[in-house]
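Overview (structure and organization)
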Amino acid sequence: MKHVPLLVVGLCAVVGLSLVGQPGLAHADDTPAIGSSNVAVATPDVPRPDTEPCVVQLLDHRLFGKKGDSARMDSTPHPVDYQPPSDCAGPWAKVVLEVHFSVDAGHQYDRTASIWFKGVNLYFGTTQEPSPGIAHSWGIARDLTDYSALLREPGTMQININNWIGPVFSSPMHASAKLLFYPASKAFPAPRVADRIYALNGKGATPAKLDRGSNRLSRTLTFPRNTTRVYMDVFAEPQSHDEFYYVCLDSDVIERIGQPLSSGSLDRSKTCDGGTFREVLVSIDGQAAGLAPVTPWLYTGALNPFLWQPSPAPESLNFVPWRVNLSPFAGALSDGKPHTVSLKVVDTPHFFSLAGTLLVYQDKHVEHTGGAVTRNTLQLADLTPTRHNTLTKDANGVDGGALTRASTHYVIEGYVNTPDGRVQSRVETTIDFDNTQRYATDDNHHTRHISWQHARVDSTSRRSGAGTTPHSLRKLIDYTLDAHTLSHPGQGMNLHRAVQVRQRFQRHIEQRQQGLPPYIASMSTSHIGAGKLTFQRGKRATYTSDDQSSTQNFRFSNSLGDCYRVEVRAKHRKVTGITRGQGCIDTSPMHWFVHPDGSPDSFGWRGIVTPTDQ
């Protein structure tokens, strides 16, 4: 028997994908109707101050992809003139980007969507796939408070949704977007934010396209001579073959047994090689400076598109960036000389879309700080995973397993000179990665594929020295993807597939400052789904039996007693139940904090933050 594909529909083209959040449960007081087929998520809205915001409308129901007689791709960024709000000069307590999308009913892939300003990425995500009889609408929100310095100046923003319109994929999309600027008040003072924002993508208005492992996204910059801290927000979106990197096999295995059709493509020439290990390496002047994990986002065409209707997988519609602390390099970067900062995806032979943004803090009381990196144990050679393959091939298909593991631990230390003396920065990070694939066939030509991936990132940043209050921030991310697929051939060219997927993201922060109780916060979001799919290979059409079911959860708690819990249940691609606050004593809105590193979100753009040093 030929091994049938694990992923057969909704494959994102190299230019595909999109963004989301959604009306549904995107806002904490929004409740989707029971029986609705529209997008429904458990994620809370970005916490807001109680001040009245100034609103800057960016676009209103803009069309992306116009129907015509011939196939066409709407891949040109749409320009939008931006002017800061004249009646809200700042500084602002909060800046929030809101985007609302809709896609017409019909056939369409999930598409990449992004928003850019002066080369800086303001939003990155994918869109919801429609169905022939179901249109979708949704909204996202992202906290841009950290980028306030960028938003104080006018310019041209670029909104990009790579949407293909043709005889088969015929659904256009629409988007509206606005920025909300919340004035500071005594209750909600303006946080300490970055003084300079630099785009690693240069002046571009699209993600960098890295189509092989040797490619890098690089930019050479001269940093301010009074730099004290540096961070980078990293987005890494796997696309094309790497969209399904979590089921890729090593090249030597593919040469020996051929490519099992489990990588998402029906074309055997489109091999999914390079194994399952991926990470993003940050380098400064050719020296390894930090790592960002690659997240197994499942876009709404993955595995079985009907699994994600109406509830998409965690973060798929609104990517959460990973913030890399580069502050141990701040002193060395303040020497007034050009320095090259770059990103590279480790261990991939295929395609990634990347965006990187540098956030730089300055000491405005001195002209020059200076300093040096005193310790760096991160080496590229340490990122090589171990692999063990037992896959074999016979007349029935492929059997056996493939195991990939990697563990990296590094410490980077450096100092910055200040008028009061040296301030030390230390970053210690451990990343553990584990991926297991298992194939099995039987005499009835049923093929079972089990894919299990788990990764844990534990990173602690410490800052201490003259004139500062010692403090530390510990960030932990733990994610698991568990997918079971049972496939068998049907009549003619039909392929039948039953899919079960469990995905969970957990985030945890611990903020400690001398003399103060620690602030601790934990968040988890999960999605459990199951469904059957019949794929008509010859007709390029799909349909499913109505046994799809899913459950999505979002949970948050912290050391101040805040608690948020929502569960969204769906069956037959309709919302069947919503549970709020179960297990929470107090369900009032969450408190709003400011992060120690100036970031608005140790959890990404969720707005869970703690006090900062000035």
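Look up: the structure comes first, before these words.
Residues numbered from 1 in each chain as written. Predicted model: local features only at pLDDT ≥ 70, side-chain atom pairs only at ≥ 80, totals over all residues. Heavy atoms only, no water.

Our next topic: the environment of Ala105. Turning to its location among the elements, Ala105 is positioned in the loop between strand 4 (92-103) and strand 5 (112-117). For Ala105, a relative accessible area of 34% puts it in the partly exposed group. Leaving out residues up to four positions away in the same chain, Ala105 has contacts with Pro130, Ser131, Pro132, Gly133, Ile134, Ala135 and Ser171. (Helix = DSSP H or I, 4+ residues; strand = E, 2+ residues; numbered from the N terminus. Buried < 20%, exposed > 50% of the residue type's maximum accessible area, 1.4 Å probe, protein only. Contact = heavy atoms within 4.5 Å.)

So, on to the pairing of strand 6 (residues 120-126). For a regular strand, the rule is simple: side chains alternate between the two faces of the sheet. Taking burial as the measure, the 7 residues of strand 6 include 7 buried ones, the bulk of the element. Two elements, strand 5 and strand 6, share 6 bridges in a ladder whose sense is antiparallel. When the bridges of strand 6 are listed, Ser114 appears paired with Phe124. (Pairing = 2+ DSSP bridges.)

What follows deals with the pattern of salt bridges. Enumeration over the complete set of coordinates arrives at 20 salt bridges. For Asp250, the salt bridge identified is with Arg387, shortest N-O distance 2.7 Å. Taken together, the residues Asp250 in the loop between strand 14 (227-239) and helix 2 (251-257) and Arg387 in strand 21 (residues 386-389) connect sequence positions 137 residues apart. You can call Asp250 buried: its relative accessible area is 9%. Of the charged contacts, one joins Glu428 and Arg426 as a salt bridge, the two residues approaching to 2.9 Å between their closest N and O atoms. Look at Glu428 and you get partly exposed, because its relative accessible area is 26%. (Salt bridge = Lys/Arg side-chain N within 4 Å of Asp/Glu carboxyl O.)

By the secondary structure assignment, Ala455 is in strand 25 (residues 447-465). For the pair Ala455 and Thr295, spaced 160 residues apart in the sequence, the C-alpha separation amounts to 9.1 Å. Those residues in contact with Ala455 that sit more than four places away from it in its chain are Asp432, Phe433, Ile477, Asp478 and Tyr479.

Attention now goes to the packing of aromatic side chains. As enumerated under the stated definition, the model contains 15 aromatic pairs in all. Ring plane angle 35° and centroid distance 4.4 Å describe the contact between Tyr109 and Phe169, whose orientation is recorded as tilted. Of the two residues, Tyr109 is situated in the loop between strand 4 and strand 5 and Phe169 in the loop between strand 9 (163-165) and strand 10 (173-183); the sequence distance between them amounts to 60 residues. Each of the two residues, Tyr109 as well as Phe169, counts as buried. Ring pairs connect the aromatic residues Phe124, Phe235, Trp297, Tyr299 and Phe319, which therefore count as one cluster. (Phe/Tyr/Trp six-rings, centres within 6.5 Å; stacked < 30°, edge-to-face > 60°.)

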